[in-house]
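As a plain string of letters, each chain reads:
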Amino acid sequence: MQDLDTHLPGIVGGDPDVFGRWVAACELPLRLGLRSFAATVDTEAVLQETFLRVWQLAPRFEPDGRPNGLVRLAARIARNLAISEQRRLRTDPADPTALDQSPPDDATPALRPTGDPFLRRAIADCRRELPGKPAQALAARLDAGGAEPDEVLAARLSMRINTFLQNFTRARRLLADCLRRHGIDLEAELA
Amino acid sequence: MATPETEPLIEAAAGAFRERDARGAVRFAPAWWDLDDAGRREAFAAACVNRAIEAALDPEGLSSTARAVLARLRRA
């Protein structure tokens, strides 16, 4: 099993590039671990807050000798943040559906291999087939890297915000259709 | 099931940009508040796909979530 704690010295040393590699490897399992909270909290906000807190807490983190200790800590932070937000919003924190589907606090999220070269090549090939406006919307979000609101990206492309969002949706669907032709069902793999 | 009315909200909530509040905490997406439970679940599923596509197209394998987080901690 992949042990992401090999990145720990670099993270503790304050190297954001090393932290980025750690995030890249564990983002998906941590995100999927929040699925049961999707209707009651904004999981994207919870996940970003989780990563920022892990970065702050990492210098004080003490490994317990088992692999992926920092990922397990991140999973606990994410779950506690989600529950805390549920309580703040006065949704039902004891929703049995959510609790039943939640892993125990010390569960290691299943880490999946990242950087699959076949998937990367297939997505890149499919991206080249996108028509103009959807390709522009996808490129705008990729270039922004989550640092600018869609309204700014839309204005830069001289699109109304709803047109921009429709084009992005179209880009994702066209990519998904193209990937299926390559034998990849991204949505099913992430389900 | 997304409708023409909810589709832009779902796509907006599935993006990675999030503002921060006065304490520095990451805020929920405005569009997320306007969705019902089913719409929020669709936004979650769309975000999973978006992040996978972004990471696959990024030379360092970073999604927009990862890029947003790294940009914030580099500014701090």
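Sequence order as written defines the numbering, with residues in each chain counted from 1. Lettering for chains starts from A, numbering for ligands starts from 1, and both go in the order in which the items are written. Only residues with pLDDT of at least 70 get local features here, since the model is predicted, and only at 80 or more are side-chain atom pairs given and counted; chain-wide, interface and lining totals rely on the full set of residues. Where side-chain values are given, they derive from all heavy atoms of the structure, hydrogens and water being excluded.

K.L.:
Would you explain the overall build of chain B in this entry?
P.N.:
Helix numbering and strand numbering both begin at the N terminus, where a helix is a DSSP run of H or I of at least 4 residues and a strand a DSSP run of E of at least 2. What chain B contains, in helices and strands, is 4 helices and 0 strands. Listed by position from the N terminus, the elements making up chain B come as α-α-α-α. By its C-alpha atoms, chain B is 40 × 35 × 15 Å across when sized along the principal axes. For chain B, the residues scored as buried account for 58% of the 76 residues in total. The long-range fraction of contacts in chain B, counting pairs at least 24 apart against all pairs at least 6 apart in sequence, stands at 42%. Carbon and sulfur atoms make up 53% of the accessible area of chain B, which amounts to about 3,500 Å² in all. Positive and negative side-chain charges of chain B, numbering 11 and 12 respectively, have mean locations separated by a distance of 11 Å. We call a residue buried when its accessible area falls under 20% of the maximum for its residue type, exposed when it is over 50%, and partly exposed in between, using a 1.4 Å probe and counting protein chains only. Residues count as neighbours in contact if any of their non-hydrogen atoms are within 4.5 Å of one another. Throughout, the Shrake-Rupley method with a 1.4 Å probe supplies accessible areas, and for residues the shown protein chains are the sole cover considered. By the counting rule applied here, Lys and Arg register as positive and Asp and Glu as negative, while His and the ends of each chain are not counted. Taken as the charge centre is NZ of Lys, CZ of Arg, CG of Asp or CD of Glu, depending on the residue.

K.L.:
Help me out: how do you make sense of the state of the cysteines in this one?
P.N.:
Covalently bonding the sulfur atom of one cysteine to the sulfur atom of another cysteine gives a disulfide. All names here are of chain A. Disulfides are defined in this document as cysteine sulfur pairs within 2.5 Å. Within this structure, the stated rule accounts for 1 disulfide over all chains. Covalent S-S linkage joins C126 and C178, the inter-sulfur distance amounting to 2.1 Å. Of note, the bridge from C126 to C178 carries an S-S torsion of about -80 degrees and is left-handed in sense. Taken together, the positions of C126 in helix α6 (residues 117-128) and C178 in helix α9 (residues 161-181) put the pair 52 residues apart, joining distant regions of the chain. For C178, a relative accessible area of 2% puts it in the buried group.

K.L.:
Looking at this structure, I do not really get the nonpolar core. What am I missing?
P.N.:
Nonpolar side chains in soluble globular proteins tend to be buried together. Ranked by internal contacts, the top residues of the largest apolar core, which has 47 residues, are I11, F19, W22, L30, F51 and L70 of chain A. Mapped onto this core, the elements with two or more residues apiece are α1 (8-12), α2 (16-32), α3 (43-57) and α4 (69-88) of chain A together with α1 (7-13), α2 (30-33) and α4 (64-75) of chain B. Here this core gets 10 residues from one element, more than from any other, and that element is α4 of chain A. In this view, L70 of chain A contacts D5, L8, I11, W22, V54 and F61 of chain A; residues no more than four positions away in its chain are not counted. Think of a nonpolar core as a cluster: buried Ala, Val, Leu, Ile, Met, Phe, Trp, Tyr and Cys residues, connected wherever their side-chain atoms sit within 4.5 Å. Counting 31 residues, the second-largest nonpolar core is a separate cluster that includes L119, A122, L153 and L179 of chain A.

K.L.:
What exactly am I supposed to notice about helix α7 (residues 132-144) of chain A here?
P.N.:
Because an α-helix completes one turn every 3.6 residues, residues spaced three or four positions apart along the sequence face the same direction. Compared with the 18 Å implied by 1.5 Å per residue over 13 residues, the 18 Å span of α7 of chain A between its first and last C-alpha is a close match. All of the buried residues in α7 of chain A are P134, A137, L138, A139, A140, R141 and A144 of chain A. Here the expected span of a helix is defined as 1.5 Å times the quantity of residues minus one.

K.L.:
Which parts of the structure should I look at to understand the packing of α6 of chain A against helix α3 (residues 37-57) of chain B?
P.N.:
When two helices pack together, you describe them by how their axes are tilted relative to each other and by the distance separating the axes. Direction vectors running N to C along α6 of chain A and α3 of chain B enclose 95 degrees, while the axes themselves pass 9 Å from each other. When the axes of α6 of chain A and α3 of chain B are compared, the pair comes out roughly perpendicular. Together, R120, I123, A124 and R127 of chain A of α6 of chain A and A52, I53, A55, A56 and L57 of chain B of α3 of chain B make up the contact between the two elements. Grouping the amino acids of the contact of α6 of chain A with α3 of chain B by side-chain chemistry returns 7 nonpolar, no polar and 2 charged. Between N-to-C directions, angles span 0 to 180 degrees; the directions come from axes that are lines fitted to C-alpha atoms, helices contributing only their stretch in contact. Any angle from 65 to 115 degrees is called roughly perpendicular, while one under 35 is roughly parallel, one over 145 is roughly antiparallel, and all others are oblique. Residues are sorted three ways: Asp, Glu, Lys and Arg are charged, Ala, Val, Leu, Ile, Met, Phe, Trp, Tyr, Cys and Pro are nonpolar, and all the rest, Gly among them, are polar.

K.L.:
Would you mind going over unusual backbone geometry with me for this structure?
P.N.:
Leave glycine aside and you will find that most residues have negative phi; peptide bonds, for their part, are mostly trans. Residue and element names in this part refer to chain A. Although it is not a glycine, N68 sits at a positive phi angle of roughly 55 degrees. Inspection of the secondary structure puts N68 in the loop between α3 and α4. Relative accessible area serves as the criterion here: at 0%, N68 is assigned to the buried category.

K.L.:
Would you explain empty space enclosed by the protein in this entry?
P.N.:
Unoccupied space between atoms shows up once a probe the size of one water molecule is rolled over them. Using only the protein atoms, space was sampled on a 1 Å grid; points where a 1.4 Å probe fits but cannot get out form cavities, open sets with protein on both sides within 12 Å along at least five of seven lines form pockets, and lining residues are those with an atom within 4 Å of a point. Grid points are joined across faces, edges and corners, and a volume is the space filled by probe spheres set on the points. According to the stated counting rule, one finds 2 cavities of 30 Å³ or more in the structure shown. There is about 80 Å³ of room inside the largest cavity. Looking at the largest cavity, it is lined by 14 residues, and the ones nearest its centre are D42 and T43 of chain A together with A13, A43 and F44 of chain B. For the lining of the largest cavity, the secondary structure elements donating two or more residues are α3 of chain A together with α3 of chain B. In terms of residue count, the dominant contributor to the lining of the largest cavity is α3 of chain B (4 residues). Partitioning the lining of the largest cavity into residue classes produces 8 nonpolar, 1 polar and 5 charged. What lines the second largest cavity is simply L138, F168, A171, R172 and L175 of chain A together with N50, I53 and E54 of chain B. The greatest single-element share of the lining of the second largest cavity, amounting to 4 residues, is contributed by α9 of chain A. Its residues placed into classes, the lining of the second largest cavity shows 5 nonpolar, 1 polar and 2 charged.

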